[in-house]
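# Observations on the model geometry
Letter by letter, the chains look like this.
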Amino acid sequence: MSVPTDCPQRDERLGWMGDAEIFAPTATYNADVAAFYTKFMKDIRDAQSPQGGFTDVSPRLVDNADGSPAWGDAGVIIPWTVYKMYGDKRIIETNYDAMAKWIEYIRSENPDLIWKKTGK
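Residues numbered from 1 in each chain as written. Predicted model: local features only at pLDDT ≥ 70, side-chain atom pairs only at ≥ 80, totals over all residues. Heavy atoms only, no water.

Within the chain, the secondary structure is distributed over 4 helices and 0 strands. Ordered by position in the sequence, the α and β elements of the chain form the string α-α-α-α. Residues classed as buried in the chain amount to 43% of the 120 residues present. A sequence separation of at least 24 residues applies to 61% of the contacts in the chain between residues at least 6 apart. Here the chain has roughly 6900 Å² of accessible surface; of this, 56% comes from carbon and sulfur atoms. (Helix = DSSP H or I, 4+ residues; strand = E, 2+ residues; numbered from the N terminus. Buried < 20%, exposed > 50% of the residue type's maximum accessible area, 1.4 Å probe, protein only. Contact = heavy atoms within 4.5 Å. Areas by Shrake-Rupley, 256 points an atom, 1.4 Å probe, with all protein chains shown as cover.)

This is the structure:
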């Protein structure tokens, strides 16, 4: 497995971040997926825009928009979930700059911290 998939029966075999985010607690509870998420977070960082936005799909193949609630949040929630489940700080240390850049992107696009403007 190289990326989390959504609905493979419909040929949606892309790394959909919303699905990855929602399933991360279950995946980390049921299996040792630290190496998988370490690799997937590299894909997420590589797909981050210069402005700090995460895309809905990582690697960034079909979606050039930045900043969807929940989907983009996977870039912060996945490392946090992996850290909570396994206690290994390396995933936070490795991804901290990208996570902070995402938060700043959200703040710059939504100064009152209520999602009104997304990259869509």
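Still to come is the rest of the account.
On to the nonpolar core, then. Judged by nonpolar contacts, the single largest core of 22 residues is most densely connected at Tyr37, Phe40, Ile44 and Ile78. Sorting the residues of this core by element identifies α1 (17–30), α2 (34–47), α3 (74–86) and α4 (90–109) as the ones contributing at least two each. It is α4 that contributes the most residues to this core, 7 residues altogether. If sequence neighbours within four positions are ignored, Ile78 has contacts with Ala20, Glu21, Ala24, Tyr37, Phe40, Met41 and Ile44. (Core = buried A, V, L, I, M, F, W, Y, C linked by side-chain atoms within 4.5 Å.)

Our focus in this paragraph is α1. For α1, which comprises 14 residues, the first-to-last C-alpha distance of 19 Å matches the rise-based estimate of 20 Å (1.5 Å per residue) to within 8%. When α1 is considered as a whole, its buried residues turn out to be Met17, Gly18, Ala20, Glu21, Ala24, Ala27 and Thr28. For α1, the secondary structure elements touched by its buried residues are α2 and α3. (Expected span 1.5 Å × (residues − 1).)

Per-residue pLDDT for the chain averages 87, and the proportion of residues at 70 or more is 87%. Highest mean pLDDT in the chain belongs to α3 (97); lowest belongs to α1 (90). (pLDDT = per-residue confidence, 0-100.)

On inspection of all chains with the given rule, the structure shows 6 aromatic pairs. With 5.8 Å between their ring centres and 25 degrees between their planes, Trp102 and Tyr105 make a pair best called stacked. Note that Trp102 and Tyr105 are positioned in helix α4 at a spacing of 3 residues, about one turn of the helix. Of the residues examined, Trp102 reaches a relative accessible area of 0% and is grouped as buried. (Phe/Tyr/Trp six-rings, centres within 6.5 Å; stacked < 30°, edge-to-face > 60°.)

Along the chain, Ser58 connects to Pro59 via a cis peptide bond; the corresponding omega equals 0 degrees. With respect to the secondary-structure elements, Pro59 resides in the loop between α2 and α3. We note that Ala70 has phi near 75 degrees; this positive angle belongs to a residue other than glycine. Looking at where Ala70 falls in the secondary structure, it is placed in the loop between α2 and α3. For Ala70, a relative accessible area of 31% corresponds to the partly exposed category.

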